[in-house]
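Chain by chain, the residues run as shown.
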Amino acid sequence: GESVGLHLPTLSVQEGDNSIINCAYSNSASDYFIWYKQESGKGPQFIIDIRSNMDKRQGQRVTVLLNKTVKHLSLQIAATQPGDSAVYFCAENLLGSARQLTFGSGTQLTVLP
Amino acid sequence: DAGVTQSPTHLIKTRGQQVTLRCSPKSGHDTVSWYQQALGQGPQFIFQYYEEEERQRGNFPDRFSGHQFPNYSSELNVNALLLGDSALYLCASSLTRQAGEKLFFGSGTQLSVL
């Protein structure tokens, strides 16, 4: 969804379920994408990245999917845990542009007990 | 291995004042980027420093300036503060010329302009 002003899209999931967080990116020339997790009072923490020559990449409990046709990125978190509660941002970058990242508006993930 | 450190953690200023924020990059990193994060929004790129020079700049006015020192640490200066400058200021470091270089962020400086 879209964020307006201070309103962040939210996603609530039960502990143990899988989470899917979506992101639409803006620049069709972007060729590097990153997901960050930001907990309250902390800076963004790198989760996983993917280059535009791939459509899927897996990490530990996380998977990123890239659909360049519709400029869409998603983050899947398996077996969501309470420690996964945070704001998640996608970011895009042009390789060679010295990591000038453009961040999306973020999604607040809340894990319910 | 220390990560990215920023100081101070919190700061309160009044309109028209000037502020300096400081950042020490992660050990081994040579590039520092600064981002502004307004409440409820994603970070916005301000500028990046490499080899003591501003390498790239985002859409921010000249009131925002910076510096990088020979030890790779960096400062962000904001002059003539406006209420709208209230935000979390994030520093991120990376290693240029490393394939797949990743940005590591500090915890930020929370600036409040009254």
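Residues numbered from 1 in each chain as written. Chains lettered and ligands numbered in written order. Predicted model: local features only at pLDDT ≥ 70, side-chain atom pairs only at ≥ 80, totals over all residues. Heavy atoms only, no water.

**Student:** Sorry if this is basic, but what is going on with the overall build of chain B here?
**Tutor:** Per the secondary structure count, chain B includes zero helices and 11 strands. Listing every helix and strand of chain B by position from the N terminus yields β-β-β-β-β-β-β-β-β-β-β. Since a compact globule built from 114 residues should have a radius of gyration of about 13 Å, the 13 Å found for chain B is in line with a globular shape. Counting only C-alpha atoms and orienting by the principal axes, one finds that chain B spans roughly 40 × 25 × 25 Å. Looking at chain B as a whole, 51% of its 114 residues are labelled buried. Across chain B, contacts joining residues at least 24 apart in sequence account for 53% of those joining residues at least 6 apart. Working note: accessible area of chain B is about 5400 Å², and carbon and sulfur atoms make up 49% of it. The distance from the centre of the 9 positive side-chain charges to the centre of the 10 negative ones in chain B is 7 Å. (Helix = DSSP H or I, 4+ residues; strand = E, 2+ residues; numbered from the N terminus. Rg over C-alpha atoms; globule rule 2.2 N^0.38 Å. Buried < 20%, exposed > 50% of the residue type's maximum accessible area, 1.4 Å probe, protein only. Contact = heavy atoms within 4.5 Å. Areas by Shrake-Rupley, 256 points an atom, 1.4 Å probe, with all protein chains shown as cover. Lys, Arg positive; Asp, Glu negative; His and termini not counted. Charge placed at Lys NZ, Arg CZ, Asp CG, Glu CD.)

**Student:** What is the right way to read the layout of surface pockets from this model?
**Tutor:** Remark: the empty space left among the atoms is shown by a probe the size of a water molecule rolled over them. There is about 390 Å³ of room inside the second largest pocket. In this structure, the second largest pocket is lined by 20 residues; those nearest its centre are Q38 of chain A together with Q37, L39, G40 and L88 of chain B. Among the elements of the structure, β8 (86–93) of chain A together with β9 (87–94) of chain B are those that each provide at least two residues to the lining of the second largest pocket. Per element, the largest residue contribution to the lining of the second largest pocket is three residues, and it comes from β8 of chain A. (1 Å grid on protein atoms, 1.4 Å probe; cavity = no way out; pocket = protein on both sides within 12 Å on 5 of 7 lines; lining within 4 Å. Points joined across faces, edges and corners; volume = space filled by probe spheres on them.)

**Student:** Would you explain the environment of S26 of chain A in this entry?
**Tutor:** Residues and elements named next belong to chain A. Here S26 shows up in the loop between β2 (19–24) and β3 (32–38). You can call S26 exposed: its relative accessible area is 54%. Separated by 45 residues in sequence, S26 and K71 have C-alpha atoms that sit 7.1 Å apart. Among residues more than four places away in sequence, those in contact with S26 are K71 and E92.

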